[in-house]
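Read off the chains here:
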Amino acid sequence: MKALVYNGPGQKNLQERPKPVIEAGTDAIIQITRTTICGTDLHILKGDVATCLPGTTLGHEGVGVVESVGAGVTTFKPGDRVLISCISACGRCEYCRKSMYSHCTTGGWLLGHRINGTQAEFVRIPHADTSLHPIPPGADEEALVMLSDILPTGFECGVLNGKISPGASVAIVGSGPIGLAALLTAQFYAPATLIMVDIDDNRLAVAKRFGATHSVNSSAGDAARQVMALTGGRGVDTAIEAVGIPATFGLCQDIVAPGGTIANVGVHGVKADLHLERLWSHNVTITTGLVDTFSIPMLLKTVQSKRIDAAQLITHRFKLDNILQAYDTFGKAADTKALKVIIEA
Ligand SMILES: NC(=O)c1ccc[n+]([C@@H]2O[C@H](COP(=O)([O-])OP(=O)(O)OC[C@H]3O[C@@H](n4cnc5c(N)ncnc54)[C@H](O)[C@@H]3O)[C@@H](O)[C@H]2O)c1
Ligand SMILES: [Zn+2]
Ligand SMILES: [Zn+2]
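Given the structure is predicted, the values throughout are model-derived calculations rather than measurements.

Undergrad: Could you give an account of the overall build of the protein chain, with specific residues and numbers?
TA: Secondary structure assignment for the protein chain yields 12 helices and 16 strands. Principal axes of the C-alpha set define a box for the protein chain whose edges measure 60 × 40 × 40 Å. Relative to its full complement of 345 residues, the protein chain shows a buried share of 50%. For the protein chain, the proportion of contacts with a sequence separation of at least 24, taken over those separated by at least 6, is 69%.

Undergrad: Describe helix α4 (residues 150–160), naming the residues involved and giving the relevant values.
TA: Most of α4 sits inside the fold, with 10 of its 11 residues counted as buried. Where α4 is concerned, the buried positions are Ile150, Leu151, Pro152, Thr153, Gly154, Phe155, Glu156, Cys157, Gly158 and Val159. On its buried face, α4 sits against α5 (177–186), β12 (236–241), β13 (256–264) and α10 (296–304).

Undergrad: Tell me what's going on with the site of ligand 1, and back it up with residues and numbers.
TA: The environment of ligand 1 is formed by 31 residues, the closest being Gly39, Gly176, Ile178, Gly244 and Val267. At the level of secondary structure, the elements contributing two or more residues to the shell around ligand 1 comprise α1 (39–46), α4, α5, β10 (193–198) and α8 (246–255). Shared between two domains, the shell around ligand 1 takes at least three residues from each, and those domains are domain 1 (2–149 + 292–344) and domain 2 (153–287).

Undergrad: Let's hear about the nonpolar core: which residues, and what values?
TA: Formed by 107 residues in total, the largest nonpolar core has its most connected members in Ile30, Leu147, Ala171, Ile172, Val173, Leu183 and Ile195. The element best represented in this core is α5, accounting for seven residues. Counting contributing residues, this core receives three or more from each of domain 1 (2–149 + 292–344) and domain 2 (153–287). Those residues in contact with Leu183, other than ones at most four positions away along the chain, are Ile172, Leu194, Met196, Ala207, Phe210, Gly211 and Ala212.

Undergrad: Can you break down the sheet that holds strand β2 (residues 12–16) residue by residue, with the values?
TA: Note: strands within a sheet are paired through backbone hydrogen bonds, in either parallel or antiparallel orientation. Strand order across the open sheet formed by three strands is β2-β1-β4, with antiparallel pairing between neighbours. In the strand order of this sheet, the two ends are held by β2 and β4 (56–57), each with one partner. Examined bridge by bridge, strand β1 (residues 2–6) and β4 share two bridges and lie antiparallel to one another. Paired with Tyr6 across the bridge in β4 is Thr56.

Undergrad: An account of the environment of Val256 is requested, with residue identities and associated values reported.
TA: Its location among the elements puts Val256 in strand β13. When the C-alpha atoms of Val256 and Ala224 are compared, they prove to be 9.7 Å apart, with 32 residues separating the residues in sequence. The residues contacting Val256, other than those within four sequence positions of it, are Gly235, Val236, Ala239, Ile262 and Val284.

Undergrad: Hey, could you go over the sheet that holds strand β14 (residues 285–287) for me, with residue numbers and the actual values?
TA: If you walk across this open sheet you meet the six strands as β11-β10-β9-β12-β13-β14, and the pairing is parallel. Edge strands, defined here as strands with exactly one partner in the open sheet, are β11 (214–217) and β14. In this sheet, adjacent strand axes meet at a mean angle of 15° when their direction is disregarded.

Undergrad: I'd like a rundown of the packing of α4 against α5, residues and numbers included.
TA: Two elements in contact, α4 and α5, have axes whose closest approach is 8 Å; the angle formed by their N-to-C orientations is 70°. Looking at the two axes, α4 sits roughly perpendicular to α5. Crossing of α4 over α5 shows right-handed handedness. Within the contact between the two elements, α4 uses Ile150, Leu151, Thr153, Gly154, Phe155, Gly158 and Val159 and α5 uses Pro177, Ile178, Ala181, Ala182, Thr185 and Ala186. The residue inventory of the contact of α4 with α5, partitioned by class, reads nine nonpolar, four polar and no charged.

How each quantity is defined
Residues numbered from 1 in each chain as written. Chains lettered and ligands numbered in written order. Predicted model: local features only at pLDDT ≥ 70, side-chain atom pairs only at ≥ 80, totals over all residues. Helix = DSSP H or I, 4+ residues; strand = E, 2+ residues; numbered from the N terminus. Buried ≥ 20, exposed ≤ 12 C-beta atoms within 10 Å, placed from the backbone. Contact = placed C-beta atoms within 7 Å. Near = placed C-beta within 6 Å. Domains from an automatic or database assignment. Core = buried A, V, L, I, M, F, W, Y, C linked by C-beta atoms within 7 Å. Pairing = 2+ DSSP bridges. Axes fitted to C-alpha atoms, helices over the stretch in contact; angles between N-to-C directions. Parallel < 35°, antiparallel > 145°, perpendicular 65-115°, else oblique. Left-handed = near helix turned anticlockwise from the far one by under 90°. Nonpolar A, V, L, I, M, F, W, Y, C, P; charged D, E, K, R; others polar.

Take it as geometry only, folks, not as evidence of what the structure does.
What follows is the structure in structure tokens.
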């Protein structure tokens, strides 16, 4: 079968790989129908994720059809259409029993990281019963690809950790797919002010279409002053960090109001400063987290009922044969205006 393989920093190839087989009774083999590329795949290709070894098929998002199941799988059968969670979970260990699936002792973020992922014709899913979700008949499967990772990430690590509440003021720093997913799901809680921050005017225009009340271009270096002006000098109740660099974590500390929350979502590759000399007396909460995807069933209902329009995050479509072109388009988002690219296998 064809698969997009990480062959070391800066090297990826679409190449022939053996079709996966059932290795444990709890596995399922899924024939991928649609997958996508994540910012995290680009981090891997840069060499930022040392735990992803050369030779690994990339991809941790997608939908498909069950091809075969191990003897221990009871929820799914061949022919079932399924949504794949980016997090594999046994459902039984101490962390899974707390819904902290990202820390499952025999699961967590495995796909396209520690085991072969979804950017291929077939993928092996461990702990299939508790890592796959049934797709309702008639669903827009392309839109559901947004539920494997980005919508649960924006919602769990941004909106829920950030404790967004009705009438609150919110700033989301970073208007990439993750920041935009936080923007869409923040609106479940009717905050009064939703300020989006980025350096890319196209992404800020998209954010306005998706429901932002204000946008701030931070390239001039005065984003904190602009956010303070928009909030009457008070700052925001919730600041969501959705970039993953020291400057944007710093900005969140500059704009959080007393009693507010900084919810970090970005993956940080280097250390960032924490200004306790200013924040110690401000009753501020700082949260961190890797997505657990416990919210997928709830989010699936909100997409099905059109409470949120997940399909609007998709800007480009490619066949698996052209996945290198898809990476190129996704990697040059400022020029191509790409958000999420769909790859049809
Ligand atoms: N915690 C988790 O579980 C989890 C899961 C998935 C992704 N992530 C991380 O979330 C982050 C966002 O993901 P994404 O896919 O949206 O990435 P992305 O690269 O597409 O988006 C980041 C956005 O930040 C903007 N940006 C860059 N520098 C900036 C600056 N100085 N000020 C303001 N904006 C700036 C970019 O223009 C871009 O729009 C990444 O770090 C990703 O690895 C975390
Ligand atoms: Zn991802
Ligand atoms: Zn577990």
